[in-house]
Amino acid sequence: MEFTSEQFPEFGGEEYHPEGEGVEVPSPDGYMPGQMELPVGEEFPEEHPAGLDLNGGVPVTPGASYHEMHTVLADGGDRFGVTAVAFDLHEELLWMGNQGGHITSYLGLNMQKYTSFQVHASDEIHQITTCEAGVLALTSDNLRCCTRQGIRLYDHRGENIHDMQCMLQTSPSTLLLGGHHDKLIEFDLAAVQEANEYAIEDPGVAILRQSNYNRLICCGDTSGKITLRDPDTLKSEHVLEAHAGTLSDFDVHGNHLVTCGFSHRLGNLAIDRFLKVYDMRTMRALPPLQLPIEPLFLRYVPTYTSRLAVVTQHGQFQLLDPCGLVTPGNMLLDQVNILGEIILAFDVSSTCQALAFGEAGGYVHLWTDREDAHYNAFSNETELADPVEHLRPIHIDDELTPLSTIPMPFCDGPLLSDWPESNCFAVHRRPPQIDPEIIRSMNMVQFIGYAPNPGNKRRNQVAYREVSSSGKGKSGKTVPQSPIGRDVDPFMCIVPKKYRKVEIKYSKLGVDDFDFKHYNKTNFAGLETHIPNAYCNSMLQVLYFIEPLRCALESHLCSKEFCLACELGFLFHMLDLSKGNNCQGTNFLRAFRTIPEASALGLILGDAEESTGKANFRRLIQNWNRFVLQQIEQDTLEQDESALALPATMQSFSSSTSVVTRLFQTNAENISQCKCGKENTRNGATLLFNFTYPDCSPPGPGKPPKQFSFATVAKNSMSLEQTMQAWCDNCKKYQPTVQVKSLKCLPDVLVINCQIETAKDLEFWKIQQELIGVVEEKEGASDKISKPCRYGRACTRKGCKFNHEIMDSPERLAFELSEMENGNRKSWVPLGLKMKLSSDRTLEVQDVFEEKDAFDSDDFKLYNLHASVAHIQDLKTGGNLVSHIQVGPTYHKRKEGVTHSNWYLYNDFAILPIEPHEAVQFNLEYKIPCILYFIRRDLTDDYDCSITSPIEASVLLAEASLAKGAMKQHITFTPLQANELPEQGDCVGLDAEFVTLNQEEAEIRSDGTRSTIKPSQMTAARITCVRGYGDLEGVPFIDDYISTQEQVVDYLTQFSGIKPGDLDATISSKHLTTLKSTYLKLRYLIDQGVIFVGHGLKKDFRVINVLVPKDQVIDTAFLFSLPKQRIPSLRFLAWFFLGINIQGSTHDSIEDARTALQLYKKYKDISNEGKERENWEATLKNLYEKGRKYGWKVPDDE
């Protein structure tokens, strides 16, 4: 609490007059401040003030132990006084706040300025408190929280935040706020909101302290009272009548509470020259402590004894020991050099080794009791700015170092290195001498000469890798190849093409002209790779092909904005609808990036990590697998209000038992036994198992390594038994403890993380594969058998790599094929497992390699291998992840109309049928196993695999806006009523506007052409739907602005009409919603069979990440264009066919959607519902003639 002459009429005998004149009058005891000045270190004279008791009435510390260490003029000290000082409780920092609302921190004893920033424009800082997250500053109407570097975390204002004076942190997440009003506010630092408010009596609270004896909250007010309140309920327990006038300061330590204050004398307030002392045990007053000075501030300085530091407004302070003996020779005062100003703030460090004073003159004084004082016993390291790197000096005689290493300074005058123009002339570089071989072989055509490249010069000054001569003369392929082939790593030669990383080759049309069918000739959907964190595509496919999980997630819906279960359901729905076309996990990955736990676990990759290949994809995908299973289990378990509105058929999936729990969870009992015999048992559950590998080293010299079956390793990993150091309550120390995991049940889906983290783990796999006789697949051997040379032994081509013996030796071919059939299909990983859990919880696991071994008995449960995920290594790019998945009959029936099972290789958007043995064969030179999924046979018999769409018509009805300024917003649409919901076949105009999250990355080649490396990442910012039917035809019923938490780098205002602030909930005047809310509206329209009319809808649906059947899309971009010709813009079509001018300054989605509907009606009128094709083709020819004439631009109005 700070005091000024305006607040109290008398400070040491100075009377305050309303006219502003101050006259010095004696205090009631006859003491004049100007008559008595006690220098630092001098003793009191024998004529001590009246009332001073030399027999112990004034306990004083013998000798002055503190000295001035440093004094600085604070920022703004020439204009404002220092009103608050505080030592940081976590770092070696001293904080200062002044009357101008400014805060400055000083580092260490030298008081080096650390940070300085403005908190309030005009109000003074009343109090500063530090916490783990940063620093809290209180002004009269605001609570500001900033980091120690000055970055604002939050401001809290409200109707209760006014006339604030003090605050007290009672726990890491709780803060009490008080002021000159009738409320005490409890503030939650974690939730950043007011938790409770408590009514108190006038005149409020001016000082807050907490007792470390009985935890009572001590509230001092300006009437001189101190109210002791219960720390839990904040109800008044006791009231201490301390001073008759007002209270200036008090402190509490142990079972004592000490106060100083004012009393009424001669009609004015005067400082009491004594300290009131109270016993917190009996709530009674003890004899007061008489003082020779006028106390204004006091703090306990508990070191070896419970000392008190008492400070006057004139800078004198004294250390009192209530239990010490006092003699006239040890009553010493210290004087802070304040040059006639007054002290306004005072604080003591937590170690009691430092004192800080703030004065009205703008100075901060630091006093310590030693040269190496510390503010805290254990301070955190303070984060400092990076040092400025100085430029390396260049010697005057150095002729080799380029001058460009020194940045050019900014200057207006001429430089010393500027030569006069008279001494300068242009000298052109001499061209290199032409190779004589080129001149000799040159063929002249008119004035241009042509010659073959002799091969001894670098083409375009870029060194290409050596290419074999067999590749020359071949015509270029029309099928786009992956860019990975531009600079092939020799290591990748051993990797078969189907496993190599595939990337999309972008052109000026984006991906529209990329031939995805070359990589996927099936009816299943691949996933694109250009999205950040798309490394999880392989696992998304694995989860999709688990039938009960897919059905449960497609039927799941909740009100949570970023729910992974909901987003997986939306993605699986798109994969269901797709017939061989690619899909994107954009919305799922967007929700994934917003989960704090995913970022904390390192599952969110930055652009640099993905592009430079620094990511450990093997470990990453296993952690992703564990995290996502836990997250979707939590999402499907959570109950919210929206779950009550779900259909009755959906309530089973919204019950307390999640389908993820039923599928994946294994209950286990963990038993810990100390060597003393004491056992501890606790129950647990897990969704997957991590492999632990035994030691397979040879038992002795000359002996082979130990052989372990896959079933043995699986059993030991599931029923894990290990010895480790643990605390034993019986032995009272750490003892070797045997920990055993005993399974209570078997899961329906067994998930195994292979956990190949070290070279020893990888060596274990290699040894086991060698012992079982695995012949690793090699692309060269396969090519030798499958690709015989067409010329046989008569081939004369140099370096021909094809086989020349097969044509003449059918027996040899049959022998080699049989060797491949019998040898290459051996694997250490089985295609199935048999597991049994006996009544005594003994687990038995057996490998199943052939179907004849796959019998199912009453005791054993049979598990089939469902999928395996492998990491394909590449030192440059970090490699890629692929999955081998057994696709069941239900998926083939939906996609292809046949009922059979088959294995497929999923390499992002490349999908290829494979043989079953490829899913369990791992060439450890490049293909490392990561995750294995085993599914219990006949799993679907125990689960309801029907899908009920959880999206109801209510999503189209009116909803509240997220914008806080929603009352002021201009409503641009009319929501649908219950009687006008669209039906199948109804037309709806659609348009969407986007903003850019990441800019496009491109390169300029040496020939001047531009190549896109990574396209820009966009997100939907505005989605509009316009009625195309009914009485309100042309009136929009959806015009949603999409709120985004990600940083927008370009609003594209010229093309989107979106302005900064439109997507900010705090200042937007638009109808702001979440992307999920608008997505549900579009999904409902799609499920109802509504026909969407728009211009360029393919891109709109791609960015929104929704799949619409082709028969529900009418795109005017293709309806009004000729094949292989330019697509006219919507603006040009509106001018040509409708005679209107749209898109003047910016685009408006309502105008664009309404125009698309009018163009479609115009098309039906001209073509007579598409029956008169000749009329329509003639109209299009006229359109293109006009377009070429005007350059496809709308002519200016005359």
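Parameters at a glance
Residues numbered from 1 in each chain as written. Predicted model: local features only at pLDDT ≥ 70, side-chain atom pairs only at ≥ 80, totals over all residues. Heavy atoms only, no water. Pairing = 2+ DSSP bridges. Helix = DSSP H or I, 4+ residues; strand = E, 2+ residues; numbered from the N terminus. Axes fitted to C-alpha atoms, helices over the stretch in contact; angles between N-to-C directions. Salt bridge = Lys/Arg side-chain N within 4 Å of Asp/Glu carboxyl O. Buried < 20%, exposed > 50% of the residue type's maximum accessible area, 1.4 Å probe, protein only. Contact = heavy atoms within 4.5 Å. Core = buried A, V, L, I, M, F, W, Y, C linked by side-chain atoms within 4.5 Å. Polar contact = N/O pair within 3.5 Å; in protein donor to acceptor, adjacent residues only side chain to side chain. Parallel < 35°, antiparallel > 145°, perpendicular 65-115°, else oblique. Nonpolar A, V, L, I, M, F, W, Y, C, P; charged D, E, K, R; others polar. Patch = residues over 30% accessible without salt bridge, like charges linked within 9 Å, V, L, I, M, F, W, Y side chains within 5 Å. Areas by Shrake-Rupley, 256 points an atom, 1.4 Å probe, with all protein chains shown as cover. Phe/Tyr/Trp six-rings, centres within 6.5 Å; stacked < 30°, edge-to-face > 60°. Disulfide = S-S within 2.5 Å.

**Student:** Describe the sheet that holds strand S12 (residues 164–171), and please don't skip the residues or the numbers.
**Tutor:** With respect to topology, four strands assemble into an open sheet ordered S12-S13-S14-S15, the strand pairing being antiparallel. Looking along the sheet, the strands with just one partner apiece sit at the ends: S12 and strand S15 (193–199). Neighbour to neighbour, the strand axes of the sheet diverge by 25° on average, direction disregarded. When strand S14 (residues 183–188) meets S15, the two strands line up antiparallel, connected through six bridges. By the bridge assignment for S15, Asp 188 is matched with Gln 193.

**Student:** Account for the sheet that holds strand S7 (residues 112–118), naming residues and giving values.
**Tutor:** Reading across the sheet, the four strands line up as S4-S5-S6-S7 and stay open at both edges, with antiparallel pairing between neighbours. Strand pairing shows two members of the sheet lacking a second neighbour, strand S4 (82–87) and S7, which therefore form its edges. Direction aside, the axes of adjacent strands within the sheet are offset by 20° on average. The pairing of strand S5 (residues 93–98) with strand S6 (residues 102–107) spans five bridges and is antiparallel. Paired with Met 96 across the strands is Thr 104, a residue of S6.

**Student:** Tell me about unusual backbone geometry, residues and numbers included.
**Tutor:** Along the chain, Asp 202 connects to Pro 203 via a cis peptide bond; the corresponding omega equals 5°. Along the polypeptide, Pro 203 turns up in the loop between S15 and strand S16 (207–210). Positive phi, close to 55°, is recorded for Leu 266, a residue that is not glycine. Here Leu 266 shows up in the loop between strand S21 (256–265) and strand S22 (268–271). With a phi angle near 60°, Lys 732 is a residue other than glycine that sits in the positive phi range. Examined against the element boundaries, Lys 732 turns out to sit in the loop between strand S37 (721–728) and strand S38 (733–743).

**Student:** Pulling in residues and values, what's your account of the pattern of salt bridges?
**Tutor:** Taken as a whole and assessed by the stated rule, the structure comprises 40 salt bridges. We note a salt bridge from Glu 241 to Lys 225, for which the minimum N-O separation is 3.8 Å. With a gap of 16 residues between them, Glu 241 in strand S19 (residues 236–241) and Lys 225 in strand S18 (residues 225–229) connect regions that are remote in the sequence. Across the pair Arg 299 and Asp 249 runs a salt bridge whose closest N-O atoms are separated by 2.7 Å. Linking Arg 299 in strand S25 (residues 297–302) with Asp 249 in strand S20 (residues 247–253), this pair joins segments that are 50 residues apart in sequence. As far as burial versus exposure is concerned, Arg 299 and Asp 249 are alike and both buried.

**Student:** A description of the environment of Thr 147 should follow, citing residues and the corresponding values.
**Tutor:** Counting through the fold element by element, Thr 147 comes out in the loop between strand S10 (143–146) and strand S11 (152–156). Residue Thr 147 is classed as buried on the basis of its relative accessible area of 14%. Spatially, the C-alpha atom of Thr 147 lies 9.4 Å from that of Glu 132, the residues being 15 residues apart in sequence. With sequence-adjacent residues up to four places away left out, Thr 147 is seen in contact with Ala 133, Gly 134, Val 135 and Leu 153.

**Student:** Outline the nonpolar core, supporting the account with residue identities and numerical values.
**Tutor:** As a rule of thumb, soluble globular proteins bury nonpolar side chains together. Counting 102 residues, the largest nonpolar core has Tyr 535, Leu 543, Trp 624, Phe 664 and Tyr 933 as its most contacted members. Among the elements that take part in this core, helix H4 (residues 564–577) stands out by supplying nine residues, more than any other. Within the second largest apolar cluster, 45 residues are counted, among which are Tyr 499, Ala 668, Phe 689 and Leu 843.

**Student:** Before we move on, can you summarise the side chain of Asp 272 with the specific residues and values?
**Tutor:** Among the secondary structure elements, Asp 272 is positioned in the loop between S22 and strand S23 (274–279). Judged by its relative accessible area of 1%, Asp 272 is buried. Within the local environment of Asp 272, its side chain forms a polar contact with the side chain of Ser 263, the two groups lying 2.6 Å apart.

**Student:** Kindly report on helix H2 (residues 537–544), identifying the contributing residues and their values.
**Tutor:** H2 sits mainly inside the fold: eight of its eight residues count as buried. Listing the buried residues of H2 in full gives Asn 537, Ser 538, Met 539, Leu 540, Gln 541, Val 542, Leu 543 and Tyr 544.

**Student:** Quick rundown of the packing of H4 against helix H5 (residues 586–593)? Include the residues and the values.
**Tutor:** Contact geometry of H4 with H5 gives a least axis separation of 8 Å together with a crossing angle of 170°. As judged from the angle between their axes, H4 and H5 are roughly antiparallel. Here H4 contributes Leu 564, Glu 567 and Leu 568 to the contact with H5, which in turn contributes Asn 587, Phe 588, Ala 591 and Phe 592. Each residue belonging to the contact of H4 with H5 can be placed in one class, and the counts come to five nonpolar, one polar and one charged.

**Student:** Quick rundown of a nonpolar patch on the surface? Include the residues and the values.
**Tutor:** On the surface, a nonpolar cluster with roughly 380 Å² of combined accessible area is contributed by Ile 434, Ile 439, Met 442 and Met 444. In this structure Ile 439 comes out as exposed when scored by relative accessible area, which is 51%.

**Student:** Which residues make up the pairing of S37, and what are the values?
**Tutor:** By the bridge criterion, eight bridges tie S37 to S38 in an arrangement that is antiparallel. Paired with Cys 728 across the two strands is Lys 733, which belongs to S38. Remark: four residues form the turn of the hairpin made by S37 and S38, two consecutive strands paired antiparallel; Lys 732 in that turn has positive phi of roughly 60°.

**Student:** Just give me the short version of the packing of aromatic side chains, but keep the residues and values in it.
**Tutor:** For the coordinates displayed, the defined rule picks out 46 aromatic pairs. Seen from their ring centres, Phe 317 and Trp 367 are 5.2 Å apart, and the 90° between their planes marks the pair as edge-to-face. You can see Phe 317 sitting in strand S27 (residues 316–320) and its partner Trp 367 sitting in strand S31 (residues 363–368), a full 50 residues away along the chain. As far as burial versus exposure is concerned, Phe 317 and Trp 367 are alike and both buried. Here the aromatic rings of Phe 524 and Phe 545 are separated by 5.8 Å at their centres, their planes lie at 75°, and the arrangement is edge-to-face. With Phe 524 in the loop between strand S33 (448–450) and H2 and Phe 545 in the loop between H2 and helix H3 (547–554), this residue pair connects regions lying 21 residues apart in the sequence.

**Student:** Before we move on, can you summarise H3 with the specific residues and values?
**Tutor:** Counting buried positions along H3 yields eight of eight residues, so the element is predominantly enclosed. Among all positions in H3, only Glu 547, Pro 548, Leu 549, Arg 550, Cys 551, Ala 552, Leu 553 and Glu 554 are buried. The secondary structure elements touched by the buried residues of H3 are H2, H4, helix H8 (617–637), helix H9 (659–664) and helix H14 (889–896).

**Student:** An account of the state of the cysteines is requested, with residue identities and associated values reported.
**Tutor:** Counted by the stated rule, this structure contains zero disulfides. No disulfide involves Cys 166; its sulfur sits 7.6 Å from that of Cys 219, the nearest cysteine.

**Student:** Account for the pairing of strand S13 (residues 174–179), naming residues and giving values.
**Tutor:** Of all six residues making up S13, six are buried, and the element is well covered by its neighbours. Along S13, one buried face is formed by Thr 174, Leu 176 and Gly 178 and the opposite face, lined by Leu 175, Leu 177 and Gly 179, is buried too. Relative to S13, S12 runs antiparallel, the two being bridged by six bridges. Directly across from Met 167, in S13, lies its bridge partner Leu 177. Once S12 ends, the chain turns through two residues before running back antiparallel as S13. Bridge count between S13 and S14: four bridges; the pairing is antiparallel. Note on S14: the bridge partner recorded for Leu 175 is Phe 187. Adjacent in sequence and paired antiparallel, S13 and S14 are bridged by three residues.

**Student:** Lay out the side chain of Asn 537 with the relevant residues and their values.
**Tutor:** Mapped onto the elements of the fold, Asn 537 is located in helix H2. For Asn 537, a relative accessible area of 4% gives the class buried. In contact with Asn 537, not counting residues within four places along its chain, are Leu 527, Glu 528, Thr 529 and Asp 908.

**Student:** Hey, could you go over the environment of Asn 623 for me, with residue numbers and the actual values?
**Tutor:** Position of Asn 623 relative to the elements: it lies in helix H8. In this structure the side chain of Asn 623 is engaged in a polar contact, spanning 3.2 Å, whose partner is the side chain of Arg 626.

**Student:** Residue-level account of the packing of H2 against H4, with values.
**Tutor:** For the pair H2 and H4, the least separation of the axes is 11 Å and the interaxial angle reads 80°. Our classification of the angle between H2 and H4 gives roughly perpendicular. When H2 is examined against H4, the residues Leu 540, Gln 541, Leu 543 and Tyr 544 are found in contact with a partner set consisting of Leu 568, Leu 571, Phe 572, Leu 575 and Asp 576. Split by residue class, the contact of H2 with H4 holds seven nonpolar, one polar and one charged.

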